[in-house]
Amino acid sequence: MGSKIPEEKLVADLQAVADMVGETPTVAQYRAHGEYSYAPLKNHFGSYNEAIEAAGFEPNQRVADPDCQISTKALVADIQAVAEHVGGTPTQLQYREHGEHASNTLVRAFGSYNDALEAAGCEPNRHRDISKDELLSNLRQIASDLNEIPTAHQFSEYGKYSLDLLTDEFGSYNNALRAAGFEVNTYHSIPAEDLLTDLVEVADELGEPPTKDQYGEHGTYHGDTLTQRFGSFAAALEEIGHEPNRKQPVTDTELLLDVQRVAEEVGGPPTYEQYNTHGEYSSNSLKDHFGSYNNAIRTAGFEPVRECNIADDVLLTDLQNVVDELEETPTSRQYDEHGEYHSDTLQRRFGGYNSAVKAAGYEPTVYRDIADTELLADIRETADEQGKAPTSPEYIERGTYTARTVIQRFGTWSDAVEAAGCDPPCYNHYSDEQLLAELQRIADGSRAPTQRKMAISGKYSPKVYRNRFGRWWQACVRANLVPHTRVPLRKQEYADFVKAAIRQKNPVTSIIGLLAAFTGLTQPLLGEFSTEWLDRLHSDKHDTLIIVPSEHLETTDDWVLRLPIKWHPPDSSGAEDLPLEGLLKWYQESQIVTLDQINAGGIKTRVRTIAEAARIDHHGIISNLRSSLAAHLIRQGAELWKAEMQIGFKHTNWGASEKIGIGDYLLWVYQMEGDPHHEYEPEGVFLDPPEDHYAPTR
């Protein structure tokens, strides 16, 4: 685990942003201009306003507190003062900038921001005069400022207008993106490999499995995208070998404050789908704490939104928009994710979700409305017929419904069987060859399937493979398939990266690249690297060592690894000099910027720059370099204890939480390259490659 950012650095960064914007920075301004993310401020100081006060500033507005009773007379007077200041009815953004109170305090007191305006004698801003061109112009401006296509959350945070206004005008956020000329990625179109690689990068950056909120803060995609693709965020973590990060349970007060924050953002009490889109937590958390979603809304000081006045054609049009967005008939869960309303509203209005689908002109997917009790009863009936719990292939043959329907409903086949009150089926009578052959059948060419795909489409559950082969990654390699993460570069790719790092004009970039290629230092450790970790750098008799202090590690022992002075290119018969030691001597003497002043994003950017110069795919490059170093040392015949120490399995999150070890890469080099290490004795089953085989060597 990396060390925390010191308080003085956080305070200094806040003060620098304040100087830049010429005022006490808002959260949005800090996120746009600060060196660090919002999360360290919140974690260190307790809240953003407390961080602002620690930096010597007055907060822009009071934090809304459910127990703080402010009279409506005082609130009305404040609205009128702001209206006089801005010369007309203040928008919610103007009130946030100039008002004495938080705007969600107004929402809680009056029911909505517009009701508060009317109580103050102001004509609400309906945005009737905002044209589509103005909305699209603002969307394009945000994209230009962020240098990326903005998410809906980013539009809510940085946009001049409300997200609701944008989606009301265009039907959905993705429709607005398309109208602005942007290419829209639905979660179906993003390769699973890209999603998992990005999740690995965030885990490496944080030094631990991220929570869904942490992934939303640091990742390229949205946490809900991973949830939709893999069934749950926890399942996505399991795909990369992590256990879910169980953080401290959320309190009632935290949930209520979050509801109020979302209400401020959307301009009134949030609907179910609005909270799922904008909330920090899930609507299920609200249900668990308060009994129902509406009870949570009432406890937060609002009246729940009633959707009975929404016309049928509006609901059906929204359903059609979701179909256009996903390019398929949505499940009720998909509609809840992408629609403006909630599937319960459609169910109440049309007598069932499938009835709404039919009314919109589409054919429902068969069995989508089957109750859980009916599915479980059918599993029990099938078990009674054959005298034992069915496997998923047996259920496909004998059951009333499809195994895919059951798995989508319960997560895995084993979970469904247990929910039906049956003992899970035993797969011990299936041979290793049968299990691995099924992996190849489900695979996309030489690319291994995800565990989610196997759970839905395969004959056996991922748990069977984990129990039989140790880990999903190992099962895939034994089947001669390429996993989605921790894949070593090809021999020549690794050499090309090293040569590109050496050729870099910026010596700091060269140092970072060579350290990433020849040590197991993780991304956080690269960002904290100090010349104080170097031992015997100027010795002529002994190798230079890197000694990483234990406070940065997962263990109580320091990590000692060797600084290489030579390396063995695959196209050379002998060793060649490596300039890393000389670069570090220069670095120590030059007193230039230290690596610990380069944030995690800067480390990643420099390594990606080298990868692009070497014409190598840069996705997940840092973790793949660690895998590549493991394979490189095994090819060179290094003693295994030395290889393990150089890579740092037990000192970093690889060994601590994922149980990844040198054995994985002994298996890889033997199976994928046919080059067994002298200390490795292959055991078990290994399949020949499928036709579209990944060639580890050029």
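Since we're looking at a predicted model, the values are computed, not measured.

Trainee: So what exactly am I meant to see when it comes to the overall build of the chain here?
Mentor: Assigned secondary structure in the chain consists of 41 helices and five strands. The buried share among the 698 residues of the chain stands at 51%. Intrachain contacts of the chain at a sequence separation of at least 6 include 61% that bridge at least 24 residues. A total accessible area of about 32,100 Å² is found for the chain, and carbon and sulfur atoms account for 44% of it.

Trainee: It is not clear to me how the sheet that holds strand β3 (residues 559-562) should be interpreted in this structure. Could you clarify?
Mentor: Backbone-to-backbone hydrogen bonds join strands into a sheet, with any given pair of strands oriented parallel or antiparallel. Across the sheet, which stays open at both edges, the three strands sit in the order β1-β2-β3 with antiparallel pairing between neighbours. Of all strands in the sheet, those with a lone pairing partner are β1 (534-535) and β3, marking the two edges. As defined by bridge partners, strand β2 (residues 545-548) adjoins β3 across four bridges and the pair is classed as antiparallel. By the bridge assignment, Ile 547 is partnered in β3 with Val 560.

Trainee: Would you mind going over the pattern of salt bridges with me for this structure?
Mentor: Should their charged atoms come close, side chains of opposite charge can pair. If you walk through the whole model with that rule in mind, you get nine salt bridges. In this structure, Asp 577 engages Lys 566 in a salt bridge whose closest nitrogen and oxygen atoms are separated by 2.5 Å. Placement of Asp 577 in strand β5 (residues 576-577) and of Lys 566 in strand β4 (residues 566-567) is noted, with a sequence separation of eleven residues between them. A relative accessible area of 58% means that Asp 577 is categorised as exposed. A relative accessible area of 44% places Lys 566 in the partly exposed class.

Trainee: Explain the layout of surface pockets here, please?
Mentor: Roughly 540 Å³ of internal volume is contained in the second largest pocket. For the lining of the second largest pocket, the secondary structure elements donating two or more residues are β3, β4, α38 (621-635) and α39 (640-647). Ranked by the residues each element gives to the lining of the second largest pocket, the list is headed by α39, at five residues. A breakdown of the residues in the lining of the second largest pocket according to their chemical character gives 13 nonpolar, five polar and four charged.

Trainee: How should I be thinking about α38 in this particular structure?
Mentor: A turn of α-helix holds 3.6 residues, and therefore any two residues three or four places apart point the same way. The terminal C-alpha atoms of α38, which comprises 15 residues, lie 20 Å apart, in line with the 21 Å expected from a rise of 1.5 Å per residue. Most of α38 is tucked away: 15 of the 15 residues are buried. Once α38 finishes, Gly 637 follows within two positions and takes phi at roughly 75°, a positive value.

Trainee: Which parts of the structure should I look at to understand the nonpolar core?
Mentor: Note on soluble globular proteins: their nonpolar side chains tend to be buried together. Core analysis: the largest hydrophobic core is formed by 65 residues, its most contacted members being Phe 497, Ile 546, Val 548, Leu 584, Ile 621 and Trp 668. Among residues more than four places away in sequence, those in contact with Val 548 are Leu 521, Leu 525, Trp 533, Leu 553, Asp 558, Trp 559 and Leu 561.

Trainee: Sorry if this is basic, but what is going on with the pairing of β2 here?
Mentor: Regular strands place side chains that alternate from one sheet face to the opposite one. Examined bridge by bridge, β1 and β2 share two bridges and lie antiparallel to one another. Bridging from a neighbouring strand, Leu 534 pairs with Ile 546 of β2.

Trainee: How should I be thinking about the packing of aromatic side chains in this particular structure?
Mentor: The tally for this structure, following the rule as stated, stands at twelve aromatic pairs. Relative to Trp 668, the ring of Trp 473 lies with its centre 6.2 Å away and its plane at 40°, an arrangement referred to as tilted. Here Trp 668 lies in helix α41 (residues 662-673) and Trp 473 lies in helix α32 (residues 472-478), a separation of 195 residues in the sequence. Each member of the pair, Trp 473 as well as Trp 668, is classed as buried. A connected cluster of aromatic rings, assembled from ring pairs, spans Tyr 430, Tyr 460, Tyr 465, Phe 469 and Trp 472. Over the face of the ring belonging to Phe 686 we find Arg 478, whose NZ or CZ atom lies 4.6 Å from the ring centre.

Trainee: Would you mind going over the packing of α38 against α39 with me for this structure?
Mentor: Axes are the key here: two packed helices are described by the angle between their axes and the distance separating the axes. As a packed pair, α38 and α39 sit with axes 10 Å apart at the nearest point and diverge in direction by 165°. On the basis of the axis angle, α38 is roughly antiparallel to α39. Note on packing geometry: the crossing formed by α38 with α39 is right-handed. The residues of α39 that touch α38, namely those facing Arg 626, Leu 629, Ala 630 and Leu 633, are Ala 643, Gln 646 and Ile 647. Here the contact of α38 with α39 is composed, by residue class, of five nonpolar, one polar and one charged.

Trainee: How should empty space enclosed by the protein be read in this particular structure?
Mentor: To locate leftover empty space, one rolls a probe as large as a water molecule over the atoms. Following the criterion strictly, the structure yields two cavities of 30 Å³ or more and no others. Estimates place the volume of the second largest cavity at around 40 Å³. Lining of the second largest cavity is provided by Ser 392, Ile 407, Trp 413, Met 454, Ala 455, Gly 458, Lys 459, Tyr 460 and Ser 461. Class assignment of the residues belonging to the lining of the second largest cavity gives a composition of five nonpolar, three polar and one charged.

Trainee: Is there a simple way to explain helix α23 (residues 343-350) in this structure?
Mentor: Here α23 has its buried residues at Ser 343, Thr 345, Leu 346 and Phe 350. Axial view of α23: buried residues confined to an arc of 155°, hence all on one face. Looking one or two residues past α23, Gly 351 carries a phi angle of roughly 85°, positive in sign.

Trainee: Is there a simple way to think about the side chain of Asp 198 in this case?
Mentor: Structurally, Asp 198 is set in helix α13 (residues 192-206). We note that Asp 198 is buried and unpaired, the nearest opposite charge coming from Arg 608 at a distance of 5.4 Å. Setting aside residues up to four positions removed in sequence, Asp 198 forms contacts with Tyr 215, Gly 219, Thr 220 and Tyr 221.

Trainee: What's the story with the confidence of the model for the chain in this structure? I'm lost.
Mentor: For residues with low pLDDT, the predicted coordinates do not support detailed interpretation. Taken as a whole, the chain shows an average pLDDT of 78; of its residues, 81% reach a score of 70 or greater. Confidence, expressed as mean pLDDT per element, reaches its minimum in the chain at helix α40 (residues 653-657) with 56 and its maximum at helix α33 (residues 491-503) with 94. Here residues 61-68 scores under 50 on pLDDT; set against residues more than four positions off or in separate chains, the count is 24 contacts. Counting interchain partners and residues more than four positions distant, the pLDDT-below-50 stretch residues 692-698 has 23 contacts.

Trainee: Would you mind going over unusual backbone geometry with me for this structure?
Mentor: Trans peptide bonds make up most of the peptide bonds, and negative phi angles are found at most residues other than glycine. Positioned with a positive phi, Asn 480 is a non-glycine residue whose angle comes to about 60°. Within the element layout of this structure, Asn 480 appears in the loop between α32 and α33. On the basis of relative accessible area, Asn 480 is assigned to the buried category, the value being 3%. The backbone of Arg 615 shows a phi angle near 60°, a positive value even though the residue is not glycine.

Rules used throughout
Residues numbered from 1 in each chain as written. Predicted model: local features only at pLDDT ≥ 70, side-chain atom pairs only at ≥ 80, totals over all residues. Heavy atoms only, no water. Helix = DSSP H or I, 4+ residues; strand = E, 2+ residues; numbered from the N terminus. Buried < 20%, exposed > 50% of the residue type's maximum accessible area, 1.4 Å probe, protein only. Contact = heavy atoms within 4.5 Å. Areas by Shrake-Rupley, 256 points an atom, 1.4 Å probe, with all protein chains shown as cover. Pairing = 2+ DSSP bridges. Salt bridge = Lys/Arg side-chain N within 4 Å of Asp/Glu carboxyl O. 1 Å grid on protein atoms, 1.4 Å probe; cavity = no way out; pocket = protein on both sides within 12 Å on 5 of 7 lines; lining within 4 Å. Points joined across faces, edges and corners; volume = space filled by probe spheres on them. Nonpolar A, V, L, I, M, F, W, Y, C, P; charged D, E, K, R; others polar. Expected span 1.5 Å × (residues − 1). Core = buried A, V, L, I, M, F, W, Y, C linked by side-chain atoms within 4.5 Å. Phe/Tyr/Trp six-rings, centres within 6.5 Å; stacked < 30°, edge-to-face > 60°. Lys NZ or Arg CZ within 6 Å of the ring centre and 35° of its normal. Axes fitted to C-alpha atoms, helices over the stretch in contact; angles between N-to-C directions. Parallel < 35°, antiparallel > 145°, perpendicular 65-115°, else oblique. Left-handed = near helix turned anticlockwise from the far one by under 90°. Arc of directions from axis to C-beta. Lys, Arg positive; Asp, Glu negative; His and termini not counted. pLDDT = per-residue confidence, 0-100.

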